[in-house]
Amino acid sequence: MRSARIVIIGGGVVGASAAYHLAMRGETDVVVLERASMQGMGSTGRATGGVREQFGTEINIRMSMYSIDFFKDRDFQTGYDPKGYLFFATDLSAFELLEKNAAMQAEVGVKGIEVLGQDEIKRRIPDMHCEDIIGGTFGPRDGFIDPVAVMRGFSKTAAVRGVKFEVGHNVDRINVAGGRVKSVSTSGGDIDCNAAVVCSGAWTRDLAATAGVDVPVEPLRRQIVWARCESNIPADLPMVIDAGSGFHFRPAIDFWEPEAKDASKHDVLLAYPDRDEAPSFNTEFDTAFSDKVYELARGRAKFLFDSTPVLAKCRAGLYENTPDHHAIIGGCGVEGLYFASGFSGHGVMHSPASGRAISEIILDGEASFLDVSCLSLDRFERGELLTETGYI
């Protein structure tokens, strides 16, 4: 039977980051198992590619601060482009919440967060209808990254140091004996291991159940419309988000074809959290979703409403939601079984922080660079859920 000290289940950006950080610590007896025929075919390659410090809980803010610093200063391509996130509010309560969050972000250490009035928002995005906007916030370090490039950078660096990446290997079961992980059963046979790290996103719950562990992660489809505008979009267009409805848009970039940079001059991504969407593993794009998005775009910006969907590039992926929309990072009641899952839409942007945290927990017993104990699995049993008001 094959063996490895550590098996990482899931070869997307979160699993790749865990492998990278273990390798950087000198732990290279690691196998990363990806069920698809290539890495990035799950949520990583279907992400929006945003990164932000504008969150409503200290742990998410600190995860973002660390991760943005990481993206800025790497010897591999991350695509970090700090064009910013602009949140706007059309009612007083939403604006007051943005102001409250901005104050907390600044207190935690975020630099440059601005509270904006209607006039300033209009100045920055002159083609947007702003008459109903009360105000908003802007984070200058927020912006965009390339999820596929980040995943490949993590993977290549780890592989050079000896970590093995294997695609087309579905993990069917985590085998436990005497209260600790013994092996994992895959489509290619069993692998003995001392530790298993579940980075399988929306599929975490079913896999954890094979080890007798209940992990409250629920899959939810999120859809993105790729649209082509009639003229060039502003070169400095940030991520723009309606804090009330969650409707948002950004310049479009094809992460699988990064050389096609001309597309970003006139293409945008449009999305919003569809409240009618029921939990499922469905990743098919529904053309009816475009109608809902364009109804929101109609009153917000003519250049958005007049754009044309590029159906071949529209996509759907899965959020891996937890009850409090925060990640699960750490171990559990089974010795040697660890989780880096449940990121609720923030897995790509927080991958540097999560990978370092889980590697330190495995090797040292706890994460020392950042206290992530509030993200432990047992918080749900203890009733110590977190509250994230910046969930989109």
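Residues numbered from 1 in each chain as written. Predicted model: local features only at pLDDT ≥ 70, side-chain atom pairs only at ≥ 80, totals over all residues. Heavy atoms only, no water.

Topic: helix α5 (residues 147–160)
Every α-helix carries 3.6 residues per turn, so stepping three or four residues along brings you back to the same face.
Thinking step 1. Taking 1.5 Å of rise per residue, 14 residues should cover 20 Å, and α5 covers 20 Å from first to last C-alpha, within 8% of that figure.
Thinking step 2. Buried residues dominate α5, accounting for 10 of its 14 residues.
Thinking step 3. Residues of α5 that are buried include every one of P147, V148, A149, V150, M151, G153, F154, S155, T157 and A158, and no others.
Thinking step 4. Against α1 (13–24), α2 (58–72), β8 (164–167) and α9 (351–364) lie the buried residues of α5.
Thinking step 5. The N-terminus of α5 is capped by D146, whose side-chain oxygen sits 3.1 Å from the backbone nitrogen of V148. (Helix = DSSP H or I, 4+ residues; strand = E, 2+ residues; numbered from the N terminus. Expected span 1.5 Å × (residues − 1). Buried < 20%, exposed > 50% of the residue type's maximum accessible area, 1.4 Å probe, protein only. Contact = heavy atoms within 4.5 Å. Polar contact = N/O pair within 3.5 Å; in protein donor to acceptor, adjacent residues only side chain to side chain.)

Thoughts on the pairing of strand β1 (residues 2–9)
Thinking step 1. Across seven bridges, β1 lies against strand β11 (residues 189–198) in parallel orientation. Across the sheet, the residue bridging to I6 is A195, located in β11.
Thinking step 2. Sheet topology places β1 next to strand β2 (residues 30–34); four bridges connect them, and they run parallel. Bridge pairing in β2 places I6 opposite V30.
Thinking step 3. With α1 bridging β1 and its parallel neighbour β2, the resulting β-α-β unit is right-handed. (Pairing = 2+ DSSP bridges. Right-handed = clockwise from strand over helix to strand, strands pointing away.)

Concerning unusual backbone geometry
Thinking step 1. With a phi close to 60 degrees, H325 is a non-glycine residue in the positive phi region.
Thinking step 2. Tracing the backbone through its elements, the reader meets H325 in the loop between β17 (315–321) and β18 (328–331).
Thinking step 3. Positive phi, normally seen in glycine, also occurs at S344, with a value near 55 degrees.
Thinking step 4. Inspection of the secondary structure assignment puts S344 in the loop between β19 (337–341) and α9.

Comments concerning α9
Thinking step 1. If you check α9, its first and last C-alpha atoms are 19 Å apart, about what 14 residues at 1.5 Å a residue would give, namely 20 Å.
Thinking step 2. Burial runs high along α9: 11 of the 14 residues are buried.
Thinking step 3. Looking only at α9, the buried set comprises S351, P352, A353, S354, G355, A357, I358, S359, E360, I361 and I362.

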